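Structural overview for review
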Amino acid sequence: MSLHVVVPEESDALPFTVEPSRVQVASKEVPERIHQILAGLQDGGAVVAPLGGDSLSRAERLVAAVHDDALLDYLRHGVPEGRESALDDAFAAPGLDQETPVTRAVWPAALGAAAAAVRAAELTARQRRNSYALVRPPGHHAGPGWHGGYCFLNNAVVAARTLREEGAAKVGILDIDYHLGNGTLACVQNDPTLPFASVHSSDPEDFPYGFERGPGLFGVPSDPGTEGFLALVKDAVSHLRQEDVDALVVSVGYDVLLGDPHGSWTLPPDVFAPVAALLTEYQLPTVFVQEGGYGLPSLRGAARALASEASR
Ligand SMILES: [Zn+2]
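First, a word on scope: everything that follows refers to the structure included in this document.

What counts, and where the lines are drawn
- Residues numbered from 1 in each chain as written.
- Predicted model: local features only at pLDDT ≥ 70, side-chain atom pairs only at ≥ 80, totals over all residues.
- Heavy atoms only, no water.
- Pairing = 2+ DSSP bridges.
- Helix = DSSP H or I, 4+ residues; strand = E, 2+ residues; numbered from the N terminus.
- Donors = N, O, S within 2.8 Å, 3.2 Å for Na, K, Ca; no water.
- Tetrahedral: all angles 85-135°; square planar, octahedral: opposite > 155°, others 65-115°.
- Salt bridge = Lys/Arg side-chain N within 4 Å of Asp/Glu carboxyl O.
- Buried < 20%, exposed > 50% of the residue type's maximum accessible area, 1.4 Å probe, protein only.
- Expected span 1.5 Å × (residues − 1).
- Phe/Tyr/Trp six-rings, centres within 6.5 Å; stacked < 30°, edge-to-face > 60°.
- Contact = heavy atoms within 4.5 Å.

Turning our attention to the sheet that holds strand S12 (residues 286-290). Spatially, S4-S1-S7-S12-S11-S8-S9-S10 is the arrangement adopted by the eight strands of the open sheet, whose pairing is parallel. Whereas interior strands pair on both sides, the edge strands pair on one side only; in this sheet they are strand S4 (47-48) and strand S10 (217-220). Bridge count for strand S9 (residues 196-201) against S10 is four bridges, and the pairing is parallel. Across the sheet, residue His-200 finds its bridge partner in S10, namely Gly-219.

Here it is in structure tokens:
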């Protein structure tokens, strides 16, 4: 069956982010990413599904369950009058400087992304078909009380909680973005109903610069290559199977690909066909949630490869 794609309304790009050296750099998290990925998903047979009528209010309720009130208040109201953006270290992940400014455009965009994640999860739960929340901003670096790395609200955890409310007893979250989903890890680490697994770069030069070890965390310090990456994804899927999950949320990042400005691996776009085959092998109801991927020339081919396998 076709993969259903849910796309929130287009939102403004962040104007800039701040590097650890405190230099401002133009944000690479831009709307064109979504245009390229959507074209690729449609090339692969995916079909766009409308947003649900009540997904926004459900998202508001769920983000309040995932995140602290102080963070939500800040994202809603944090930009002082007369300023274009705000950057407050009080809302940085533990041990990190805050690198991601908040603009007035952030709250509606982040909530819209969370609502698309809700809708995708509803479609998967109710229609027994895989879905893809093609969202920006992404979410996996947003923890309970902090945001960072282009992320504000944790869309993957919102999708997983939606699947739980729709009847799944245990939902595995599998993160295959180049970067560790430190926010997701923090949001679910005390919740046995939402086991987490991740394949990521653990090079200390890469965000979030510190890497926990433990079951389900498959960090590698250098380029694993295609075969190595597929073996890691297989191990991560096996880990969640051993947890007896009955549904899956996949945090998808195309920043594992050759040429990505935020990654250093050399995988080809076509790797997402065998990746998707591994992810869908057990036919668990699956919601894909967009995280990173910033190399614009690679995005369409990667999304096509993923959709052509995940739509079957
Ligand atoms: Zn990433």
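Bound to the zinc ion are the protein donor atoms Asp-177 (OD), Asp-177 (OD), His-179 (ND1) and Asp-255 (OD), situated 2.0 to 2.8 Å from the metal. Considering all four donor atoms around the zinc ion, angles at the metal cover 52 to 149 degrees and the coordination shape is irregular. Counting the intervening residues between successive donors of the zinc ion yields the motif D-x1-H-x75-D. Of this pair, Asp-177 sits in the loop between strand S8 (171-175) and helix H6 (182-188) while Asp-255 sits in the loop between strand S11 (247-252) and helix H8 (272-280), placing them 78 residues apart in sequence.

With that settled, consider the pattern of salt bridges. What the rule picks out here adds up to 14 salt bridges. Between Arg-119 and Glu-122 there is a salt bridge, with its nearest N and O atoms 3.0 Å apart. Within this pair, Arg-119 and its partner Glu-122 are both found in helix H4 (residues 106-127), separated by three residues, close to a single helical turn. Exposure class is identical for Arg-119 and Glu-122. Each is buried. Glu-166 is the salt-bridge partner of Arg-126, the closest N and O atoms lying 2.9 Å from each other. Note that Arg-126 is positioned in helix H4 and Glu-166 in the loop between helix H5 (155-165) and S8, a separation of 40 residues in sequence. Accessibility expressed as a relative area gives 27% for Glu-166, which makes it partly exposed. Because the salt bridges share partners, they merge into one network encompassing Arg-58, Arg-61, Arg-119, Glu-122, Arg-126, Glu-165 and Glu-166.

Attention now goes to H4. Compared with an ideal rise of 1.5 Å per residue, which puts 22 residues at 32 Å, H4 spans 31 Å between its outermost C-alpha atoms and is within 8% of the ideal. Burial within H4 is extensive, with 18 of its 22 residues counted as buried. Looking one or two residues past H4, Arg-128 carries a phi angle of roughly 50 degrees, positive in sign.

A word on the packing of aromatic side chains. The relation between two aromatic rings is expressed through the spacing of the ring centres and the mutual angle of the planes. Going through the model one piece at a time under the given rule, you end up with seven aromatic pairs. Measuring from centroid to centroid gives 5.9 Å for Tyr-132 and Phe-288, while their planes differ by 25 degrees, and the two rings are stacked. Of this pair, Tyr-132 sits in strand S7 (residues 131-133) while Phe-288 sits in strand S12; the two residues are 156 residues apart in sequence, bridging distant segments of the chain. Per residue, the accessibility class of Tyr-132 equals that of Phe-288, and both read buried.

Mapped onto the secondary structure, Trp-265 falls in the loop between S11 and H8. Taking the C-alpha atoms as reference, Trp-265 lies 29 Å from Val-102; in sequence the two are 163 residues apart. Dropping the residues within four chain positions of it, Trp-265 is found in contact with Tyr-178, His-200, Ser-201, Val-220, Ser-222, Asp-223, Pro-224, Phe-229, Val-256, Leu-257, Leu-258 and Gly-259.

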